[in-house]
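Inside the fold
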Amino acid sequence: MELSEDRVNRVRDVLGSYWAINRITAKHAEQNALSLGLSLQQMAILNILYGRPGSTVDDLKKKLFTSTEVISANVDGLVHARLVEKMNTEFVENADAWRLQLTEKGKEMSERSTQNAFAYKAMLKALDEIDDEDIDTLIRINRKIEGLLKAD
């Protein structure tokens, strides 16, 4: 594979566009979390547990690509806020193995985060300016790139 200046510039442009979109959507997601009095990580944990009740700290760590310590601290804060509870299962020695679930208050908070979803609203507004055919092409190309990157 030849790394000509043109190819390097194209890669830089593609990656730059992904990073820019990611930064913008992350900013919207953080705004959503802050409007609910949560950190971005806490909101992500609530939304994962909403869709996957019974997940463990280890499951969350893998899903959010972060350390056990960070996840545990966020879960402890959510437990303290009565948004998450540790399920009463058999005695567990390893704290990472506790099954977690949302309380009713946690479910309501997760639903509110979905309704607020500033990132989704912003993306919907942007996509309203793009033809459906172009959106389909964008999705198809991004999925192809994702598959090719995973294959490496």
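Below: a short report on this structure. Just so you know, these numbers come straight off a predicted model, no measurement behind them.

Now for the overall build of the chain. Per the secondary structure count, the chain includes seven helices and two strands. Listing the helices and strands of the chain from first to last along the sequence gives α-α-α-α-β-β-α-α-α. A compact globule built from 152 residues should have a C-alpha radius of gyration of about 15 Å, whereas the chain, at 19 Å, is more than 25% larger. When its C-alpha atoms are laid out on the principal axes, the chain stretches across 60 × 35 × 25 Å. Per-residue burial over the chain gives 23% buried out of 152 residues. Of the roughly 11200 Å² that the chain leaves accessible, carbon and sulfur atoms contribute 54%. Here the chain holds 21 positive side-chain charges and 25 negative ones, and the gap between their average locations is 2 Å.

Moving on to helix 5 (residues 104–116). Along an α-helix, residues three or four apart share an orientation, since each turn contains 3.6 residues. For helix 5, spanning 13 residues, the distance from its first C-alpha to its last is 18 Å, which sits close to the expected 18 Å at 1.5 Å a residue. Of the positions making up helix 5, those classed as buried are Gly-106, Met-109, Ser-110 and Ser-113. One side of helix 5 carries all its buried residues, which in axial view fall inside an arc of 100°. Away from its buried face by more than 90 degrees, helix 5 exposes Glu-104 and Gln-115. On the buried face of helix 5, the contacting elements are helix 1 (5–35), helix 2 (40–51) and strand 2 (100–102).

Another point: the layout of surface pockets. Looking at the largest pocket, its volume works out to about 570 Å³. Elements that contribute at least two residues to the lining of the largest pocket include exactly helix 1, helix 6 (118–127) and helix 7 (132–151). Sort the elements by how many residues they give to the lining of the largest pocket and helix 1 lands first, with six residues. When its residues are assigned to classes, the lining of the largest pocket shows ten nonpolar, four polar and no charged. For the second largest pocket, the calculated volume is near 380 Å³. If you go around the second largest pocket, you meet 14 residues; those closest to its centre are Thr-25, Ala-29, Met-43, Ala-119 and Tyr-120. Of all the secondary-structure elements, those providing two or more residues to the lining of the second largest pocket are helix 1, helix 2, helix 5 and helix 6. Among the elements that take part in the lining of the second largest pocket, helix 1 stands out by supplying five residues, more than any other. Across the lining of the second largest pocket, the residue classes tally to eight nonpolar, six polar and no charged.

This next bit is on unusual backbone geometry. A positive phi angle is found at Phe-65, which is not glycine, with a value near 50°. Examined against the element boundaries, Phe-65 turns out to sit in the loop between helix 3 (57–64) and helix 4 (68–80).

The rules we used
- Residues numbered from 1 in each chain as written.
- Predicted model: local features only at pLDDT ≥ 70, side-chain atom pairs only at ≥ 80, totals over all residues.
- Heavy atoms only, no water.
- Helix = DSSP H or I, 4+ residues; strand = E, 2+ residues; numbered from the N terminus.
- Rg over C-alpha atoms; globule rule 2.2 N^0.38 Å.
- Buried < 20%, exposed > 50% of the residue type's maximum accessible area, 1.4 Å probe, protein only.
- Areas by Shrake-Rupley, 256 points an atom, 1.4 Å probe, with all protein chains shown as cover.
- Lys, Arg positive; Asp, Glu negative; His and termini not counted.
- Charge placed at Lys NZ, Arg CZ, Asp CG, Glu CD.
- Expected span 1.5 Å × (residues − 1).
- Arc of directions from axis to C-beta.
- Contact = heavy atoms within 4.5 Å.
- 1 Å grid on protein atoms, 1.4 Å probe; cavity = no way out; pocket = protein on both sides within 12 Å on 5 of 7 lines; lining within 4 Å.
- Points joined across faces, edges and corners; volume = space filled by probe spheres on them.
- Nonpolar A, V, L, I, M, F, W, Y, C, P; charged D, E, K, R; others polar.

Function-wise, these values are silent; they only describe arrangement.
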